[in-house]
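# Inside the fold
Below, each chain spelled out in residue letters.
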Amino acid sequence: MEWVWKTEADTANAARALGEALAQRNEPFLIFLEGELGAGKTAFVRALARGLGIPEEIPIQSPTFSIFREYPESQPSLLHGDLYRLGSEDELEELGLEERLESWLVVLEWAERFEDAIGKPDLLLRLGHIDHSPDARSVSAAGTEWAVNTLRELS
Ligand SMILES: Nc1ncnc2c1ncn2[C@@H]1O[C@H](COP(=O)(O)OP(=O)(O)OP(=O)(O)O)[C@@H](O)[C@H]1O
Ligand SMILES: [Mg+2]
């Protein structure tokens, strides 16, 4: 399914609402965020975290250099990963991803390369720039029916 978020506020509103829905559900969940540098993947996670109930005082920073950042303040707890600089599947194992997948909300940027090791996401969201519009993003969503329909309805 494909649509457009015209402004960063559109992205944030949808992400926050999805976070609220995931908090109500309170089950493990896996999201892959795809899209080029600056597409808005981290911006999406920032708003998702607020919807989950992670307080504003806790900054959601890009995990570009740390690979993973963990936020146990929500239910389910949030693991935000950016695998851009990850070298190998072995490194992924050392980071303890597998046990997190069993009970956390895991949101990963740049995970495409490791899909074989990680498994299929419940929601795969691809964000893209749209020509001539600095703030609009194309959105394409795939995954479980619940995830795709929920996000679509909340957008
Ligand atoms: N509709 C929109 N949705 C998301 N971000 C937007 C939108 N419009 C403008 N932006 C801006 O685009 C930038 C997105 O940056 P962000 O760090 O979220 O990208 P990213 O996809 O995580 O990139 P990277 O691959 O480098 O981690 C931010 O500066 C944000 O303010
Ligand atoms: Mg990012």
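The structure under discussion appears in the preceding block.
All of the points below concern the structure found in this document. (Residues numbered from 1 in each chain as written. Chains lettered and ligands numbered in written order. Predicted model: local features only at pLDDT ≥ 70, side-chain atom pairs only at ≥ 80, totals over all residues. Heavy atoms only, no water.)

### A look at the site of ligand 1
Lining the immediate environment of ligand 1, one finds 17 residues, of which Glu8, Thr11, Lys41, Ala43 and Asp135 sit closest. Contact between ligand 1 and threonine 7: a nitrogen atom at 3.1 Å from a main-chain N or O atom of the residue. At a separation of 3.0 Å, an oxygen atom of ligand 1 approaches a polar side-chain atom of arginine 137. Alone, ligand 1 offers 650 Å² of accessible surface; in the complex the protein occludes 76% of this. Looking at the shell around ligand 1, the elements with two or more residues in it are helix 1 (8-25), helix 2 (41-52) and strand 7 (133-143). Along the lines of polarity and charge, the residues of the shell around ligand 1 split into five nonpolar, five polar and seven charged. (Near = heavy atom within 4 Å. Polar contact = N/O pair within 3.5 Å; in protein donor to acceptor, adjacent residues only side chain to side chain. Areas by Shrake-Rupley, 256 points an atom, 1.4 Å probe, with all protein chains shown as cover. Helix = DSSP H or I, 4+ residues; strand = E, 2+ residues; numbered from the N terminus. Nonpolar A, V, L, I, M, F, W, Y, C, P; charged D, E, K, R; others polar.)

### A closer look at the packing of helix 1 against helix 2
Contact geometry of helix 1 with helix 2 gives a least axis separation of 6 Å together with a crossing angle of 40°. The angle between helix 1 and helix 2 places the two elements in the oblique class. Every pair of crossing elements has a handedness; the one defined by helix 1 and helix 2 is right-handed. Contacts from Glu8, Thr11, Ala12, Ala15, Arg16, Leu18, Gly19, Glu20, Leu22 and Ala23 in helix 1 reach Ala43, Phe44, Ala47, Leu48, Arg50, Gly51 and Leu52 in helix 2. Considering only residue class, the contact of helix 1 with helix 2 consists of 10 nonpolar, three polar and four charged. (Axes fitted to C-alpha atoms, helices over the stretch in contact; angles between N-to-C directions. Parallel < 35°, antiparallel > 145°, perpendicular 65-115°, else oblique. Left-handed = near helix turned anticlockwise from the far one by under 90°. Contact = heavy atoms within 4.5 Å.)

All quantities given are derived from atomic positions and should not be read as evidence of function.
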